[in-house]
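# A closer look at the structure
Take a look at the letters that make up each chain.
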Amino acid sequence: QVQLVESGGGLVQDGGSLRLSCVASGSIASLNTMGWYRRAPGKQRKLVATITSQRITNYGDSVGGRFTISRDSAKNTVYLQMNSLKPEDTAVYYCYFRANWFEYWGQGTQVTVSS
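Source: prediction; values computed, not measured. Along each chain, residues carry numbers from 1 onward, in the same order as the chain's sequence is written. Local features in this predicted model are restricted to residues of pLDDT 70 or higher, and side-chain atom pairs are both shown and tallied only at a pLDDT of 80 or more, whereas totals for entire chains, interfaces and linings draw on every residue. Working from all heavy atoms in the structure, the side-chain values ignore hydrogens and water.

Before going further, it helps to spend a moment on the packing of aromatic side chains. Planes of paired rings set the category: under 30 degrees apart is stacked, over 60 is edge-to-face and the rest tilted, where pairs are Phe, Tyr or Trp rings (Trp by its six-membered ring) whose centres lie within 6.5 Å. In total, this model carries four aromatic pairs according to the counting rule given. An angle of 55° between the planes, with centres 6.3 Å apart, marks the rings of F97 and Y104 as tilted. Accessible area is worked out with a 1.4 Å probe on protein chains only. A residue is then buried under 20% of its type maximum, exposed over 50%, and partly exposed in between. Look at F97 and you get buried, because its relative accessible area is 1%. Taking the relative accessible area as the measure of exposure, Y104 reaches 18% and is therefore buried. One aromatic cluster is present, built from ring pairs that chain together Y37, Y96 and W105. Between R19 and the ring centre of Y79, over which it is positioned, the NZ or CZ distance is 4.1 Å. Just above the ring of Y94 sits the side chain of R45; from NZ or CZ to the centre is 5.3 Å. Geometrically, a lysine NZ or arginine CZ counts as sitting over a ring once it is within 6 Å of the ring centre and also within 35 degrees of the ring normal.

This is the structure:
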(Lines give C-alpha, C1' and ligand atoms only; values in the text may rest on other atoms or scores of the structure.)
Protein backbone atom coordinates (compact mmCIF):
# COMPACT_ATOMS: atom_id res chain seq x y z
CA GLN A 1 0.00 0.00 0.00
CA VAL A 2 1.05 3.54 -0.75
CA GLN A 3 -0.36 6.66 0.87
CA LEU A 4 -0.20 10.04 -0.83
CA VAL A 5 -0.54 13.39 0.92
CA GLU A 6 -0.86 16.53 -1.18
CA SER A 7 -0.32 20.13 -0.15
CA GLY A 8 0.03 23.55 -1.71
CA GLY A 9 -3.34 24.20 -3.28
CA GLY A 10 -5.27 27.39 -2.77
CA LEU A 11 -6.66 30.54 -4.31
CA VAL A 12 -4.52 32.60 -6.66
CA GLN A 13 -5.15 35.40 -9.15
CA ASP A 14 -4.92 35.07 -12.91
CA GLY A 15 -1.22 35.03 -13.85
CA GLY A 16 -0.10 33.90 -10.43
CA SER A 17 1.90 30.87 -9.32
CA LEU A 18 1.47 27.94 -6.99
CA ARG A 19 3.60 24.95 -6.06
CA LEU A 20 2.00 21.63 -5.23
CA SER A 21 3.75 18.92 -3.27
CA CYS A 22 2.89 15.27 -2.74
CA VAL A 23 4.63 12.93 -0.32
CA ALA A 24 4.35 9.18 -0.79
CA SER A 25 4.71 6.75 2.09
CA GLY A 26 4.37 3.02 2.57
CA SER A 27 5.68 0.35 0.20
CA ILE A 28 7.60 2.47 -2.29
CA ALA A 29 9.13 0.55 -5.17
CA SER A 30 12.35 2.05 -6.49
CA LEU A 31 11.01 2.08 -10.05
CA ASN A 32 7.87 4.16 -10.10
CA THR A 33 6.00 7.00 -11.73
CA MET A 34 4.60 9.93 -9.82
CA GLY A 35 2.58 12.79 -11.12
CA TRP A 36 -0.51 14.94 -11.18
CA TYR A 37 -3.93 14.77 -12.75
CA ARG A 38 -6.72 17.28 -12.41
CA ARG A 39 -10.49 17.36 -12.61
CA ALA A 40 -12.22 20.60 -13.46
CA PRO A 41 -15.88 21.07 -12.50
CA GLY A 42 -18.12 18.98 -14.75
CA LYS A 43 -15.20 17.45 -16.64
CA GLN A 44 -13.22 14.24 -16.64
CA ARG A 45 -9.92 13.83 -14.87
CA LYS A 46 -7.01 14.70 -17.17
CA LEU A 47 -3.26 14.31 -17.14
CA VAL A 48 -1.24 17.28 -15.98
CA ALA A 49 2.23 15.77 -15.76
CA THR A 50 4.10 12.66 -14.71
CA ILE A 51 7.72 11.89 -13.93
CA THR A 52 9.39 8.52 -13.66
CA SER A 53 12.07 7.49 -11.21
CA GLN A 54 14.49 8.00 -14.13
CA ARG A 55 13.14 11.57 -14.39
CA ILE A 56 11.44 11.08 -17.71
CA THR A 57 8.61 13.60 -17.86
CA ASN A 58 5.31 13.70 -19.70
CA TYR A 59 2.99 16.70 -19.80
CA GLY A 60 -0.64 17.06 -20.71
CA ASP A 61 -1.63 19.23 -23.65
CA SER A 62 -3.15 22.02 -21.59
CA VAL A 63 -0.16 23.06 -19.48
CA GLY A 64 1.83 24.39 -22.42
CA GLY A 65 5.21 24.95 -20.79
CA ARG A 66 3.70 26.82 -17.86
CA PHE A 67 3.99 23.91 -15.42
CA THR A 68 7.11 22.03 -14.35
CA ILE A 69 7.13 18.69 -12.60
CA SER A 70 10.06 17.54 -10.49
CA ARG A 71 10.78 15.00 -7.80
CA ASP A 72 13.00 14.26 -4.84
CA SER A 73 13.22 10.50 -4.81
CA ALA A 74 15.07 10.45 -1.49
CA LYS A 75 12.01 12.10 0.07
CA ASN A 76 9.46 10.23 -2.10
CA THR A 77 8.08 13.62 -3.04
CA VAL A 78 6.83 15.04 -6.31
CA TYR A 79 6.35 18.73 -6.99
CA LEU A 80 4.36 20.70 -9.52
CA GLN A 81 5.40 24.28 -10.10
CA MET A 82 2.55 26.11 -11.79
CA ASN A 83 3.23 29.51 -13.33
CA SER A 84 1.09 31.88 -15.38
CA LEU A 85 -2.03 30.29 -13.97
CA LYS A 86 -5.31 30.86 -15.79
CA PRO A 87 -8.92 30.57 -14.62
CA GLU A 88 -9.24 27.43 -16.73
CA ASP A 89 -6.60 25.79 -14.53
CA THR A 90 -9.16 25.78 -11.72
CA ALA A 91 -9.60 22.16 -10.68
CA VAL A 92 -8.97 19.58 -8.02
CA TYR A 93 -5.42 18.33 -8.49
CA TYR A 94 -4.73 14.70 -7.63
CA CYS A 95 -1.38 13.17 -6.88
CA TYR A 96 -0.69 9.89 -8.67
CA PHE A 97 1.69 7.03 -8.00
CA ARG A 98 2.22 3.91 -10.09
CA ALA A 99 4.53 0.96 -9.54
CA ASN A 100 4.35 -2.78 -10.20
CA TRP A 101 1.02 -2.43 -12.05
CA PHE A 102 -0.62 -0.77 -9.03
CA GLU A 103 -1.96 2.78 -9.06
CA TYR A 104 -2.65 5.04 -6.10
CA TRP A 105 -4.34 8.40 -5.84
CA GLY A 106 -4.25 11.20 -3.33
CA GLN A 107 -7.33 12.86 -1.89
CA GLY A 108 -6.90 15.91 -4.08
CA THR A 109 -6.13 19.55 -3.45
CA GLN A 110 -8.21 22.42 -4.76
CA VAL A 111 -6.60 25.03 -6.99
CA THR A 112 -8.75 28.05 -7.79
CA VAL A 113 -7.59 30.79 -10.17
CA SER A 114 -9.64 33.96 -10.06
CA SER A 115 -9.96 36.29 -13.02
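With that out of the way, let us pick up the pairing of strand β4 (residues 33-39). Of all seven residues in β4, five are buried, a share of seventy percent or more. Strands were regarded as paired on the criterion that DSSP finds at least two bridges between them. Each helix is a run of DSSP H or I of at least 4 residues and each strand a run of E of at least 2, with the numbering of both proceeding from the N terminus. Here β4 runs beside strand β5 (residues 45-52); their pairing, made up of seven bridges, is antiparallel. Residue pairing across strands places M34 opposite I51, the latter belonging to β5. Taking the residues that link successive antiparallel strands as the turn, the β4-β5 hairpin has five residues, and the phi of G42 there is positive, at about 75°. Of the pairings in the sheet, the one linking β4 to strand β9 (residues 91-99) comprises seven bridges and is antiparallel in character. In the sheet register, T33 faces β9, and the bridge partner there is R98.

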